[in-house]
Amino acid sequence: MTDTLAPPLADFIRGLPKAELHLHIEGSLEPEQMFAFARRNRVALPFRTVEEVRAAYAFTNLQDFLDIYYQGAQVLRTEEDFHDLALAYFRRLAADGGVHAEIFFDPQTHTDRGIPFRVVADGLLAGMVAAKDELGVTSHLILCYLRHLDEESAFATLKAAEPYLDRIKGVGLDSSEVGNPPSKFARVFQASRERGLRLVAHAGEEGPPDYVWQALDILGVDRLDHGNRALEDEALTRRLVDQGTTLTVCPLSNLKLCVVPSLEAHPLRRMLDLGLKATVNADDPAYFGGYLLDNYVRVAAALGLDRAQLARLARNSITGSFLDEAAQAPHLARLRQIDPYRD
Ligand code: ADE
Ligand code: ZN
């Protein structure tokens, strides 16, 4: 394939089989859906129009965003809401050439306001089944503990999840990072591991490299969410390279939350050059201005990533997923066919 005959970059990226490994399903709640669910559930909103909502999405840090994100989630009340939210996300993912997603959900955001765990889980699981039937997109569910809450609340969440553990792939750790180190959740992660769950955690988004060390050494995570600040520590970077730890990097999220001053300054290219197993993800696309394909296209344009690097990112997303080898195989075979970038 010569460059002149090559499809435009967005088409090339869309054609790469990709998995999304860092996506908060509550963060896919578009303002239009927020109004629709609020109307259907008779929930009052502090906004009058979609434009007003979007205008409020100007963040200077993670906490600014979290405050509005938890407020938005209050319109989600019924199993149907969670089903519809998930299916709408999967339709967007399929349109972007996504083949698989491992979606986070925050049960405590819902149970703390009286929505039973089963309403959330049943709705999301039904949306995941519908996505497989309608779109052929596969998915896993990852339960996130909110790190600004205490260990006892995390243990109560694990207990509520007990009847669903055959349909939940893993647990994660999200919400306000600074001041809530991974060590706070050592025991609930240990208990989660003993129940056969895979482990991931947000670390190094705003928090220091020490939190990344803790996620590796105290929680024993299988995969790291964000990890940007690991680059400040050479020994830690070497450890991540040597272990082949997958990093779920979120370029537009990092831009919107001022983790980076511009996409041109984003460390993704440096991560790849260092041999880190980076992937590209949307995090909370309704709040950060772009779904999976937008994240790839915008960061590729800003950093001048070539097609081999883009294929590498897609490959990392498949091999970094919790799909078993047999399920990864057809996606990897498709990637190998995309000449001339075979591995
Ligand atoms: N919850 C939703 N998005 C998050 C993020 N980017 N960091 C921490 N917690 C989150
Ligand atoms: Zn996140």
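This text follows the structure it describes.
What you see is a predicted model; the values in this text were computed from it and never measured.

J.: Would you take a moment to explain the nonpolar core for this structure?
T.: Nonpolar side chains in soluble globular proteins generally cluster together in the buried interior. Membership of the largest hydrophobic core comes to 108 residues, with the highest contact counts inside it found for Phe 90, Leu 268 and Tyr 287. In terms of residues, this core owes the most to one element, helix 7 (residues 117–135), which gives nine residues. For Leu 268, the contacting residues outside a window of four places in its chain are Val 249, Ala 278, Val 280, Val 299, Leu 303, Leu 305 and Leu 313. Ranked by size, the runner-up nonpolar core spans five residues in total, among them Phe 104, Cys 144, Val 200 and Phe 322.

J.: How do you make sense of the packing of aromatic side chains when you look at a structure like this?
T.: Each pair of aromatic rings is reported with the distance of its centres and the angle of its planes. Scanning all chains against the criterion turns up 13 aromatic pairs. Both rings, one in Phe 65 and one in Tyr 69, keep their centres 5.0 Å apart while their planes meet at 40°; by these two values the pair is tilted. Of this pair, Phe 65 and Tyr 69 both sit in helix 4 (residues 62–72), four residues apart, roughly one helical turn. Tyr 69 matches Phe 65 in its accessibility class, with the two residues each being buried. Taken together, a centroid distance of 5.4 Å and an interplanar angle of 75° make the contact between Phe 65 and Tyr 287 edge-to-face. Remark: Tyr 287 occurs in helix 14 (residues 285–288) and Phe 65 occurs in helix 4; sequence separation between them is 222 residues. No difference in accessibility class separates Phe 65 from Tyr 287, as the two residues are buried.

J.: Is there a simple way to think about the coordination of the zinc ion (ligand 2) in this case?
T.: Angles at a metal have ideal values that depend on geometry: 109.5 degrees with four tetrahedral donors, 90 or 180 degrees with six octahedral donors. Listed as protein donors to the zinc ion (ligand 2) are His 22 (NE2), His 24 (NE2), His 202 (NE2) and Asp 283 (OD); their distances from the metal cover 2.0 to 2.3 Å. Metal-centred angles of 84 to 175° between the four donor atoms at the zinc ion (ligand 2) mark the site as irregular. Mapped onto the sequence, the donors of the zinc ion (ligand 2) take the spacing H-x1-H-x177-H-x80-D. Here His 202 lies in strand 5 (residues 198–203) and His 24 lies in strand 1 (residues 18–24), a separation of 178 residues in the sequence. Residue His 202 is classed as buried on the basis of its relative accessible area of 5%.

J.: Would you mind showing me how to read the sheet that holds strand 1 here?
T.: Hydrogen bonds between backbone groups are what pair the strands of a sheet, and the pairing can be parallel or antiparallel. Strand order in the open sheet made by the eight strands is 1-2-3-4-5-6-7-8, with parallel pairing throughout. This sheet does not close on itself; its edge strands, each paired only once, are strand 1 and strand 8 (277–280). Each strand of the sheet is rotated relative to its neighbour by a mean of 25°, with strand direction disregarded. One ladder, built from five bridges, connects strand 1 with strand 2 (residues 98–105); its direction is parallel. In the strand pairing of strand 2, His 24 is matched with Phe 104. Sheet strands touched by helix 7: strand 2 and strand 3 (138–146). Its angle to strand 3, the strand with the most contacts, is close to 155°.

So, how was this worked out
Residues numbered from 1 in each chain as written. Chains lettered and ligands numbered in written order. Predicted model: local features only at pLDDT ≥ 70, side-chain atom pairs only at ≥ 80, totals over all residues. Heavy atoms only, no water. Core = buried A, V, L, I, M, F, W, Y, C linked by side-chain atoms within 4.5 Å. Buried < 20%, exposed > 50% of the residue type's maximum accessible area, 1.4 Å probe, protein only. Helix = DSSP H or I, 4+ residues; strand = E, 2+ residues; numbered from the N terminus. Contact = heavy atoms within 4.5 Å. Phe/Tyr/Trp six-rings, centres within 6.5 Å; stacked < 30°, edge-to-face > 60°. Donors = N, O, S within 2.8 Å, 3.2 Å for Na, K, Ca; no water. Tetrahedral: all angles 85-135°; square planar, octahedral: opposite > 155°, others 65-115°. Pairing = 2+ DSSP bridges. Axes fitted to C-alpha atoms, helices over the stretch in contact; angles between N-to-C directions.

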